[in-house]
Amino acid sequence: HFHFYLLLGLLPMLFAFMFYLTRERGVAADDGCVPRLLFWVYVVAGLGFVGMFLYSGAHSVPRRLADHLPEWQGYARIASVFIVPVVLAASYFVGRFLLRFSRFLSHG
């Protein structure tokens, strides 16, 4: 449940706040299709990632063991496929924020 709330609750709110902080005042927000597409990639892949946590839990896969049995590793492999687009989209959002924020600071 923690991963669900953090990944799909808190982080999207932080990304939205980062976009809000660095928006251009008095200019209509037209960020193009890339941020919108990456938002949906983030949401769908995030749901897939946490869904695998929930699915593996429903199949009695323990989470806090140093070693997982081979029959449990498939769940983690599937979840890792979902987390890659989540990390890429999140990296885009943070990078875009840092770029815009540095421009904001340099313009005073």
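This text gives an overview of the structure that appears in the document. Sequence order sets the numbering: in each chain, residues are counted from 1 along the sequence as written. A pLDDT threshold of at least 70 governs which residues receive local features in this predicted model, and a stricter bar of 80 or more applies before side-chain atom pairs are shown or counted, although totals over entire chains, interfaces and linings include all residues. Neither water nor hydrogens contribute to the side-chain values; these are computed over all heavy atoms in the structure.

### Concerning the nonpolar core
Soluble globular proteins tend to bury their nonpolar side chains together.
Point 1. Definition of nonpolar core: a set of buried residues of the types Ala, Val, Leu, Ile, Met, Phe, Trp, Tyr and Cys, connected through side-chain atoms within 4.5 Å. For the exposure calls, accessible area comes from a 1.4 Å probe over protein chains only, and a residue counts as buried if that area is under 20% of its type's maximum, exposed if over 50%, partly exposed in between. With 19 residues, the main nonpolar core has Leu7, Phe15, Tyr42, Phe49, Val86, Ala89 and Phe93 as its most contacted residues.
Point 2. A run of DSSP states H or I qualifies as a helix once it reaches four residues; a run of E qualifies as a strand once it reaches two. Both are numbered from the N-terminal end. Contributions of two or more residues to this core are made by α1 (2-21), α2 (33-58) and α3 (73-106).
Point 3. A total of seven residues in this core trace back to one element, the largest contributor, which is α3.

### A closer look at α2
Point 1. A helix's residues, less one, multiplied by 1.5 Å, set its expected span. End to end, α2 covers 37 Å across 26 residues, agreeing with the expected 38 Å (1.5 Å per residue, within 8%).
Point 2. On its buried face, α2 sits against α1 and α3. Residue contacts are defined here by distance: any two heavy atoms, one from each residue, within 4.5 Å place the two residues in contact.

### Quick word on the packing of α1 against α2
Point 1. Running from amino to carboxyl end, α1 crosses α2 at an angle of 165 degrees, the nearest separation of the two axes being 9 Å. Taken together, α1 and α2 sit at an angle that is classed as roughly antiparallel. The crossing of α1 and α2 is right-handed. The segment α1 lies against α2, with His3, Phe4, Leu7, Leu8, Leu11, Pro12, Phe15 and Phe19 engaging Pro35, Tyr42, Val43, Gly46, Leu47, Phe49, Val50 and Phe53. Axes here mean lines fitted to C-alpha atoms, for a helix over just the part in contact, with angles spanning 0 to 180 degrees between N-to-C directions. Each angle receives one of four descriptions, namely roughly parallel if under 35 degrees, roughly antiparallel if over 145, roughly perpendicular if within 65 to 115, and oblique otherwise. Take the far helix as the reference: if the near one is turned anticlockwise from it by less than a right angle, the crossing is left-handed, and if turned clockwise, right-handed.

### Let's talk about unusual backbone geometry
Phi is mostly negative for residues that are not glycine, and the peptide bonds are mostly trans.
Point 1. At serine 60, a position not held by glycine, the phi torsion is positive, near 60 degrees.
Point 2. Here serine 60 lies in the loop between α2 and α3.
Point 3. When its relative accessible area of 59% is taken as the criterion, serine 60 is described as exposed.

### Looking at the environment of methionine 18
Point 1. Among the secondary structure elements, methionine 18 is positioned in helix α1.
Point 2. A relative accessible area of 14% means that methionine 18 is categorised as buried.
Point 3. Along the primary structure methionine 18 and phenylalanine 82 are separated by 64 residues, whereas in three dimensions their C-alpha atoms are 24 Å apart.
Point 4. Excluding its chain neighbours within four sequence positions, the residues that come into contact with methionine 18 are Phe93, Val94 and Phe97.

### A word on α3
Point 1. Here α3 contains 34 residues, and its C-alpha end-to-end distance of 48 Å stays within 8% of the 50 Å for a straight helix at 1.5 Å per residue.
Point 2. For α3, the set of buried residues is Tyr75, Ala79, Val86, Ala89, Ala90, Phe93, Arg96, Phe97 and Arg100.
Point 3. In the core, the buried residues of α3 are packed alongside α1 and α2.

### Here we look at the packing of aromatic side chains
Remark: the centre distance and the inter-plane angle together describe each pair of aromatic rings, the angle taken between the planes.
Point 1. Whether two aromatic rings pair depends on their centres lying within 6.5 Å, for rings of Phe, Tyr and Trp, where Trp uses its six-membered ring; planes under 30 degrees apart make the pair stacked, over 60 edge-to-face, and the rest tilted. With the rule as written, the count across this model stands at nine aromatic pairs.
Point 2. Judged by centre distance (5.8 Å) and plane angle (55 degrees), the ring pair of tyrosine 55 and tyrosine 75 falls under tilted. Within this pair, whereas tyrosine 55 is found in helix α2, its partner tyrosine 75 is found in helix α3, the two being separated by 20 residues in sequence.
Point 3. Through pairs of rings, three or more aromatic residues link up here, namely Phe15, Phe19, Tyr42, Tyr92 and Phe93.

Keep in mind that these numbers describe shape and distance, not what the molecule does.
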